[in-house]
Amino acid sequence: MTDAAALPGQPRGEVVSGPATTRAVNVLAPNPSVMTLDGTNTWIVSEPDSPLAVVIDPGPLHDGHLRAVVAAAERAGKRVALTLLTHGHPDHAEGAARFAELTGTPVRALDPTLRLGDEGLAAGDVVDTGGLELRVVAAPGHTADSLCFHLPADQAVLTGDTVLGRGTTMVAHPDGRLGDYLDSLRRLRSLTVDDGVRTVLPGHGPVLDDAQGAVEFYLAHRAHRLAQVETAVEDGVVTPEAVVARVYADVDRSLWPAAELSVRAQLEYLREHGLI
């Protein structure tokens, strides 16, 4: 058995519903799969002494899960006052409209088509609800509309799919772009170096207690994969499908369709930079 402290980001182990930091509580959605890992992490965040809470990524359209999120907040003496989305993939956002019906909350997102209410979200915004401060961080790359939320009081960042608690994420080409994703990872690294972020609260997988280590691992992994793709093309392997079969031979075949999206993003990046 591998010591979790030796793994990238120092994952806490099993993914469970319950408190993760002083201000963040996870409610794990019942939608496990090879793509969603243990399921979607729906986060309830609030100041300890506040009656108001913010929910980030209500998850799939699963009424039992959505009601479980409301119940978890109520058990803590909280009323959900706002819903935020890290991005629009269904495993994070499909239940948002129904959750808004259950809670009477607005839904704020970068993508206008996902919003319910007058306010959206943009990089640099500060969300203040019941004394809770969340800073909106631009994180395009996995998708064009991806955001992260910096929770300075807990030295934490909620990363959606930009950084996962286990494994690595895909760049969902053509909506996602590798150059944007690398910039987003560097932005997160700056949070760990300059702003004291220590903990990653991911959209899937366990909490990570070494945020800087996790981001550094992601950057190194991306550089390694990009070099492998470049070498494959130089060797005459040119179609995305063939590159996946060569470069991702060590990856479960069920993940190859997602890997192909990342390969397409990598090929686009290499072409844009004149490397192939």
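See above for the structure.
Residues numbered from 1 in each chain as written. Predicted model: local features only at pLDDT ≥ 70, side-chain atom pairs only at ≥ 80, totals over all residues. Heavy atoms only, no water.

Undergrad: Honestly, the pairing of strand E5 (residues 79-84) in this entry has me stumped. Any pointers?
TA: As a general feature of sheets, a regular strand has side chains that alternate between the two faces. Relative to E5, strand E4 (residues 52-56) runs parallel, the two being bridged by five bridges. Along E5, the bridge assignment pairs leucine 52 with arginine 79. Note on the crossover from E4 through helix H1 (residues 63-75) to E5: the handedness is right-handed. (Pairing = 2+ DSSP bridges. Helix = DSSP H or I, 4+ residues; strand = E, 2+ residues; numbered from the N terminus. Right-handed = clockwise from strand over helix to strand, strands pointing away.)

Undergrad: What is the right way to look at the sheet that holds strand E8 (residues 132-138) in this model?
TA: Sheet strands line up and pair through hydrogen bonds in the backbone, either parallel or antiparallel. In space, the five strands of this open sheet follow the order E7-E8-E9-E10-E11, with mixed pairing throughout. In this open sheet, the two strands that pair with only one neighbour each are strand E7 (126-129) and strand E11 (199-202). Each adjacent strand pair in this sheet contributes to an overall mean axis angle of 25 degrees, direction not counted. Pairing analysis gives four bridges linking E7 to E8, with the strands arranged antiparallel. Bridged to valine 127 within E8 is leucine 134. (Axes fitted to C-alpha atoms, helices over the stretch in contact; angles between N-to-C directions.)

Undergrad: Looking at this model, I keep getting lost on helix H7 (residues 256-272). Mind explaining?
TA: Every α-helix carries 3.6 residues per turn, so stepping three or four residues along brings you back to the same face. Helix length check: H7 (17 residues) gives 24 Å between terminal C-alpha atoms against 24 Å at 1.5 Å per residue, within 8%. All buried positions along H7 are accounted for by Trp256, Ala258, Ala259, Ser262, Val263, Ala265, Gln266, Leu267, Tyr269 and Leu270. Those residues of H7 that are buried lie in contact with helix H4 (178-194), helix H5 (211-234) and helix H6 (240-247). Positive backbone phi, approximately 65 degrees, marks glycine 274, located one or two places after H7. (Expected span 1.5 Å × (residues − 1). Buried < 20%, exposed > 50% of the residue type's maximum accessible area, 1.4 Å probe, protein only. Contact = heavy atoms within 4.5 Å.)

Undergrad: Could you clarify how one ought to interpret the packing of aromatic side chains in this entry?
TA: Describing an aromatic ring pair means giving the distance of the ring centres and the angle of the ring planes. According to the stated counting rule, one finds one aromatic pair in the structure shown. Ring plane angle 75 degrees and centroid distance 6.3 Å describe the contact between phenylalanine 217 and tyrosine 218, whose orientation is recorded as edge-to-face. Judged by relative accessible area, phenylalanine 217 falls into the partly exposed class, the value being 34%. Judged by its relative accessible area of 3%, tyrosine 218 falls in the buried class. The side chain of arginine 225 reaches across the aromatic face of tyrosine 248, ending 4.3 Å from its centre. (Phe/Tyr/Trp six-rings, centres within 6.5 Å; stacked < 30°, edge-to-face > 60°. Lys NZ or Arg CZ within 6 Å of the ring centre and 35° of its normal.)

Undergrad: Before we go on, may I ask you to explain the nonpolar core in this structure?
TA: Side chains that are nonpolar tend, in soluble globular proteins, to be buried together. By size, the foremost hydrophobic cluster in this structure holds 37 residues, and its most contacted members are Val157, Val163, Leu178, Leu185, Leu188 and Tyr248. Mapped onto this core, the elements with two or more residues apiece are H4, H5, H6 and H7. Looking at this core element by element, the count peaks at nine residues for H5. (Core = buried A, V, L, I, M, F, W, Y, C linked by side-chain atoms within 4.5 Å.)

Undergrad: Sorry, what's going on with the packing of H4 against H7 here?
TA: Packed helices, taken two at a time, are described by the angle their axes make and the gap between the axes. Their axes nearest at 8 Å, the elements H4 and H7 cross at an angle of 95 degrees. When the axes of H4 and H7 are compared, the pair comes out roughly perpendicular. Here Leu178, Gly179 and Leu182 of H4 lie close against H7, whose contacting residues are Ala265, Gln266 and Tyr269. Looking at the contact of H4 with H7 residue by residue, the class counts come to four nonpolar, two polar and no charged. (Parallel < 35°, antiparallel > 145°, perpendicular 65-115°, else oblique. Nonpolar A, V, L, I, M, F, W, Y, C, P; charged D, E, K, R; others polar.)

Undergrad: Is there a simple way to think about the environment of valine 25 in this case?
TA: Relative to the elements of secondary structure, valine 25 occurs in strand E2 (residues 24-28). Take valine 25: its relative accessible area is 28%, and that puts it in the partly exposed class. Considered as a pair, valine 25 and alanine 96 are 71 residues apart in the sequence and their alpha carbons are 18 Å apart.

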